[in-house]
Amino acid sequence: MVITTTAVAFILSSIGLAFFGWRFLKAFRKTSDSEGGSKVGLLLSLFFIGFTIQTGVILGIGSILLSQYQNGLHLLLVIANSFLTIIALLGAYTTFYIFFPKKSPLFLMATTLILGIVAAVLSIINPTTPFITAKGGIDWNVAPPLSLIMFCLLLIGIGSQLYIFTNLFFQAKTRELKNTSLIISVMALGGIVGQFFRFIVFQGNSNPTFRTNVYDFTTGAVGLIFIVGLIILSFSKRKDSVVK
């Protein structure tokens, strides 16, 4: 069993996302008791749970358990991309359900599904060879076409999160909901930028250790910022209740 910086970063990110997602949903339920609001809450819950499983369980714990096997990391990447496709599909559906209920999400969902299938096919016919770098991180070592598709899937998934919570920030009726939506939106934007640099800008970088270290640092930082943001929001709420 090998504990890499990549595994630690993903687990830390998932912990921050899980706790912050729980805080958001708790605040959301206070402002929405209708049937439609309940379904939105369910969809957002599944969205948070999906990203938590993707980062913490599959990429975090999975890389610890499978990194010692010859083809373990390749299998993990195939599983992660398949699950990422499901999250992106859910994000596309949730976005349309909340903000464009009269429009069909089928085109975006079909595009997402095709990207997921192509990613799976590319992974099978041209197996990747992920490896652990000298600094203890995992470089996924994917070819440019697969790297581009992975970024597109991440863009749809995280982009849906950015769109949803940016709009919820402007529509929120309570300060708690507004603040949590803002932090999630900022983190989603940062996540897109980070994925862009890792899978597009740094894809041709000849130093895998450098790109892996940068990716692990930014991924772990997202989790830390979520945790710190949760602490600040909890402290602020407690302070407000004392003042009242």
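Note that this is a predicted model, so its numbers are computed, not measured.

Side note on the pattern of salt bridges
This structure, assessed with the given rule, holds three salt bridges. For Glu-176, the salt bridge is made with Arg-23, and the minimal N-O distance between the two is 2.7 Å. Of the two residues, Glu-176 sits in helix 6 (residues 175–201) while Arg-23 sits in helix 1 (residues 5–31), which places them 153 residues apart along the sequence. The salt bridge partner of Asp-139 is Arg-211, with a shortest N-O separation of 2.6 Å. Note that Asp-139 is positioned in strand 2 (residues 138–139) and Arg-211 in helix 7 (residues 208–243), a separation of 72 residues in sequence. Considered together, Asp-139 and Arg-211 belong to a single accessibility category, that of buried residues. Linked through salt bridges whose partners overlap, the residues forming this network are Asp-139, Arg-198 and Arg-211.

Considerations on the packing of helix 5 (residues 144–171) against helix 6
It is the contact of helix 5 with helix 6, at a shortest axis distance of 8 Å, that shows an interaxial angle of 165°. By the angle class used here, helix 5 and helix 6 are roughly antiparallel. Between helix 5 and helix 6 lies a crossing whose hand is left-handed. Across the contact of helix 5 with helix 6, the residue classes tally to 19 nonpolar, eight polar and one charged.

What to know about the packing of helix 3 (residues 72–99) against helix 5
Following both chains from N to C, one finds helix 3 and helix 5 inclined at 35°, their axes separated by 9 Å at the closest point. When the axes of helix 3 and helix 5 are compared, the crossing they make is left-handed. Residue-level contacts link Leu-77, Asn-81, Leu-84, Thr-85, Ala-88, Gly-91, Ala-92, Thr-94, Thr-95, Ile-98 and Phe-99 of helix 3 to Leu-146, Met-150, Leu-153, Leu-154, Ile-156, Gly-157, Ser-160, Tyr-163, Ile-164, Asn-167 and Gln-171 of helix 5. Considered class by class, the residues forming the contact of helix 3 with helix 5 number 13 nonpolar, nine polar and no charged.

A few points about the side chain of Thr-95
By secondary structure assignment, the location of Thr-95 is in helix 3. Here Thr-95 falls in the buried class, since its relative accessible area comes to 9%.

A short note on the side chain of Thr-128
Checked against the element boundaries, Thr-128 lands in the loop between helix 4 (106–125) and strand 1 (131–132). Taking the relative accessible area as the measure of exposure, Thr-128 reaches 8% and is therefore buried. Those residues in contact with Thr-128 that lie beyond four places of it in its chain are His-74, Leu-77, Ser-123, Trp-140, Asn-141, Val-142 and Leu-146.

So, unusual backbone geometry
Unlike most non-glycine residues, Asn-141 shows phi in positive territory, near 50°. Considering the arrangement of structural elements, one finds Asn-141 in the loop between strand 2 and helix 5.

Calculation rules
Residues numbered from 1 in each chain as written. Predicted model: local features only at pLDDT ≥ 70, side-chain atom pairs only at ≥ 80, totals over all residues. Heavy atoms only, no water. Salt bridge = Lys/Arg side-chain N within 4 Å of Asp/Glu carboxyl O. Helix = DSSP H or I, 4+ residues; strand = E, 2+ residues; numbered from the N terminus. Buried < 20%, exposed > 50% of the residue type's maximum accessible area, 1.4 Å probe, protein only. Axes fitted to C-alpha atoms, helices over the stretch in contact; angles between N-to-C directions. Parallel < 35°, antiparallel > 145°, perpendicular 65-115°, else oblique. Left-handed = near helix turned anticlockwise from the far one by under 90°. Nonpolar A, V, L, I, M, F, W, Y, C, P; charged D, E, K, R; others polar. Contact = heavy atoms within 4.5 Å.

Purely geometric numbers; function is a separate question.
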